[in-house]
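# Topology and contacts: notes
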Amino acid sequence: MSSLIAWILRAIPFGTIIMYGALGEIVTEKSGNLNLGVPGIMYLGGFAGFASSYYYEKLAQNPNPVICIVLALFCALAASALGGLIYAFLTITLRANQNVTGLALTTFGMGVANFFGVFILNGASYTAAPLANKAFSAKIPVLSGLGVAGQVLFSYGFLVYAAILLAIVLQWFFTRTRVGLNLRAVGENPATADAAGINVTKYKYLATCIGAAICGVGGLYYVLDYNQGIWATTGQIEALGWLAVALVIFTTWKPLNAIWGAYLFGVLYWLYQFLPSLLGITVPSYMTDLIQMLPYVVTILVLIVVSLRKKKENQPPAHLGLAYFREER
């Protein structure tokens, strides 16, 4: 039982990181923009949130946890939204290739974050923001102590529950609001949406920047909660960013599916670590990487099934990845 609980406690925070990335990319792709710069944007959000918290804790005489949270969130949202704005300007205004621009943004975000991270590390192997970590990872006071159920359901920072709430709100937004339906129309057929009086450029810009900001929260959560408030120049955020992109396909572009899909990815990813104790077997070291591939394998299987069934509601936006030329309308 203890191994199973530990497995869940590891899988849910892991899934939360990629859930934010997937939700942000769903918002972007609903507008028809295919942003493959998710890993770089998560890097920007994670670093901006960490750097602001680190310097606030370092320079303030009596740092306040609430101010620390607000400052980190604001900087993470601003930095990642700026990354989305760069992508939007290049692909919407200048009509650059979306695939190439997204990949370039991934390299750019990683490079910028690691470059400025060198100055903060200042020769150390890692640097921490302990107050920010304590604030972001604080458990729900009473509920987290209610036995096994409390340990499994309420032993996480507030961003875990915010991610679930965000997925529910986005599902409602896309299916029940005029703005959400207009956004979906832009992604399906921008020429028709334009003819109906919808400002296609405005919707694409807003969706791309807001989607990028949501992705950046995933990077922030990784650094200040999941990674115990430590900034380290590793490639883990990049790997999680690509996993978030895979999750978008797995969820068939539905925000509600991102909830259980993200946690399923987390369970599958950490399967190698808890399988020996749960089943009493020994997993060879060379099998570890193969087991960690399971989320991607499941995504490929889902993509095949969706392609064979050809249900309209499970398909990506019809104009995804294509530039819109109003002159061709």
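Provided above is the structure to which this section pertains.
Residues numbered from 1 in each chain as written. Predicted model: local features only at pLDDT ≥ 70, side-chain atom pairs only at ≥ 80, totals over all residues. Heavy atoms only, no water.

What follows concerns the packing of helix α1 (residues 2–30) against helix α10 (residues 200–226). Any two packed helices are characterised by the angle at which their axes cross and by the distance between the axes. Remark: α1 packs on α10, axes separated minimally by 6 Å, with the N-to-C direction vectors making an angle of 165°. It follows from the interaxial angle that α1 and α10 lie roughly antiparallel. Like other packed secondary-structure pairs, α1 and α10 cross with a definite hand, here left-handed. Along the contact surface, α1 presents Arg 10, Pro 13, Phe 14, Thr 16, Ile 17, Tyr 20, Gly 21, Leu 23, Gly 24, Glu 25, Val 27 and Thr 28, while α10 presents Ala 207, Thr 208, Gly 211, Ala 212, Ile 214, Cys 215, Val 217, Gly 218, Tyr 221, Tyr 222 and Tyr 226. In the contact of α1 with α10, the residues fall into 14 nonpolar, seven polar and two charged. (Axes fitted to C-alpha atoms, helices over the stretch in contact; angles between N-to-C directions. Helix = DSSP H or I, 4+ residues; strand = E, 2+ residues; numbered from the N terminus. Parallel < 35°, antiparallel > 145°, perpendicular 65-115°, else oblique. Left-handed = near helix turned anticlockwise from the far one by under 90°. Contact = heavy atoms within 4.5 Å. Nonpolar A, V, L, I, M, F, W, Y, C, P; charged D, E, K, R; others polar.)

Right, let's get into the packing of helix α2 (residues 38–59) against helix α3 (residues 65–93). One can describe the packing of α2 onto α3 by two numbers: an axis separation of 7 Å at closest approach and a directional angle of 150°. Helix-helix and strand crossings are classified by hand; for α2 and α3 the assignment is right-handed. Within the contact between the two elements, α2 uses Ile 41, Leu 44, Gly 45, Ala 48, Gly 49, Ser 52, Ser 53, Tyr 56 and Glu 57 and α3 uses Ile 67, Cys 68, Leu 71, Ala 72, Cys 75, Ala 76, Ala 79, Ser 80, Gly 83 and Gly 84.

For the structure shown, the criterion picks out zero disulfides. Lacking any disulfide linkage, Cys 75 is separated from the closest cysteine sulfur, that of Cys 68, by 10 Å. (Disulfide = S-S within 2.5 Å.)

Turning our eyes to something else, we now look at helix α7 (residues 158–176). In an α-helix, one turn spans 3.6 residues, which is why side chains three or four residues apart end up on the same side. With 19 residues, α7 ought to run about 27 Å at 1.5 Å a step, and its terminal C-alpha atoms sit 26 Å apart, in line with that. Listed as buried for α7 are Leu 159, Val 160, Ala 163, Ala 167, Leu 170, Gln 171 and Phe 174. All buried residues of α7 project into a common sector of 130° when viewed along the axis, lining one side. Every exposed residue of α7 that faces more than 90 degrees away from the buried side is listed here: Leu 165, Trp 172 and Arg 176. The secondary structure elements touched by the buried residues of α7 are α1, α3, α5 (130–136), α8 (178–188), α10 and α12 (255–269). (Expected span 1.5 Å × (residues − 1). Buried < 20%, exposed > 50% of the residue type's maximum accessible area, 1.4 Å probe, protein only. Arc of directions from axis to C-beta.)

One pass over the full model with this rule turns up 15 aromatic pairs. Centre to centre, the rings of Phe 14 and Tyr 269 are 4.4 Å apart; their planes meet at 20°, and the pair counts as stacked. Residue Phe 14 is located in helix α1, and its partner Tyr 269 is located in helix α12; the two are separated by 255 residues in the primary sequence. For the pair Phe 14 and Tyr 269, one class covers both residues: buried. What links up through ring pairs into an aromatic cluster is the set Tyr 43, Phe 47, Phe 50, Tyr 54, Tyr 55 and Trp 231. The ring of Trp 270 has Arg 10 lying over it, and the distance from NZ or CZ to the ring centre is 4.6 Å. Residue placement shows Lys 30 over the ring face of Phe 174; its charged tip is 5.5 Å from the ring centre. (Phe/Tyr/Trp six-rings, centres within 6.5 Å; stacked < 30°, edge-to-face > 60°. Lys NZ or Arg CZ within 6 Å of the ring centre and 35° of its normal.)

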